[in-house]
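Now for the letters of each chain:
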Amino acid sequence: FFIVVAFSSGLGTGTTALIANALGAGREDEARSLAGQSMWFALVVGAGVTVLGFAVSERLFRWMGADGSYLQICMDYISVIFAGSVFFMLSSTLNGFLQARGDTVTFRNSLIAGSIINVALDPLFLYGWGPFPALGFRGIAASTILIQGVVVVYMYVRCVRANCFPKGSWLRVRPHGVSFRVLFQQGAP
């Protein structure tokens, strides 16, 4: 889990620094272009972390001494986290856009609301209740991913309102290897 957090945190920090530098130099178009590149890079990193996580997590847990039912619990949890790791990358990236523009409140609000919602959803998804089936440790991870997904939507809307993206849409920005390299150099955990 902390590997996912490290990648997303590094990505967000690098994004913040690069966009803030562009904005500080009065290069608004460059900042918006970097936002588009950062979104693509977050998707690529999220996919990479997912693939890498699925490839090595069982061996890593075994190396740390997990076996039997404990290994199964570990895999139940982490497989859901890795499947949703792109949401962590996107939320950190979107937070980077907002922080570079001086908005630290949006992420704070997301963290507070997410924590409160997590307190309610964790036991519901873990043990089940009424129409909600008990999902065990997968449920705790699913709760985390669901909340991250909601955070991404909320922060995306805030970024659109703050005019963070290139004119039209970030989807029109073609991924660019040089930008990816700069983002990687700035934000590698």
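What counts and what doesn't
Residues numbered from 1 in each chain as written. Predicted model: local features only at pLDDT ≥ 70, side-chain atom pairs only at ≥ 80, totals over all residues. Heavy atoms only, no water. Salt bridge = Lys/Arg side-chain N within 4 Å of Asp/Glu carboxyl O. Helix = DSSP H or I, 4+ residues; strand = E, 2+ residues; numbered from the N terminus. Buried < 20%, exposed > 50% of the residue type's maximum accessible area, 1.4 Å probe, protein only. Axes fitted to C-alpha atoms, helices over the stretch in contact; angles between N-to-C directions. Parallel < 35°, antiparallel > 145°, perpendicular 65-115°, else oblique. Left-handed = near helix turned anticlockwise from the far one by under 90°. Contact = heavy atoms within 4.5 Å. Arc of directions from axis to C-beta.

Novice: Explanation requested: the pattern of salt bridges in the structure shown.
Specialist: When charged atoms on two side chains of opposite charge get close, those side chains can pair. In total, this model carries 7 salt bridges according to the counting rule given. Here Arg 62 ties to Glu 58 by a salt bridge, and the two come within 2.9 Å at their closest N and O atoms. Of the two residues, Arg 62 and Glu 58 both sit in helix H2 (residues 28-63), 4 residues apart, roughly one turn of that helix. On the basis of relative accessible area, Glu 58 is assigned to the partly exposed category, the value being 35%.

Novice: In this structure, what is going on with the packing of helix H4 (residues 85-100) against helix H6 (residues 137-161)? I would like to understand it.
Specialist: The packing of two helices is summarised by the inter-axis angle and the distance between the axes. At their nearest, the axes of H4 and H6 sit 9 Å apart, and the two run at 30° to each other. With respect to H6, the axis of H4 lies roughly parallel. Crossing angle aside, the handedness with which H4 passes H6 is left-handed. Contact with H4, carried on its side by Phe 87, Phe 88, Leu 90, Ser 91, Leu 94, Asn 95, Phe 97 and Leu 98, involves Thr 144, Ile 145, Gln 148, Gly 149, Val 151, Val 152, Met 155, Tyr 156, Arg 158 and Cys 159 of H6 and no other residues of that element.

Novice: Before we go on, may I ask you to explain helix H7 (residues 177-187) in this structure?
Specialist: At 3.6 residues per turn, the α-helix brings residues three or four places apart onto the same side. Burial in H7 covers these residues: Ser 179, Phe 180, Leu 183 and Gly 187. Projected down its long axis, H7 shows its buried positions confined to an angular sector of 100°, all on one face. Turned more than 90 degrees from where H7 packs its buried face, Gly 177 and Gln 185 sit exposed. Residues of H7 that are buried make contact with helix H1 (2-24) and H2.

Nothing here speaks to function; it is all geometry.
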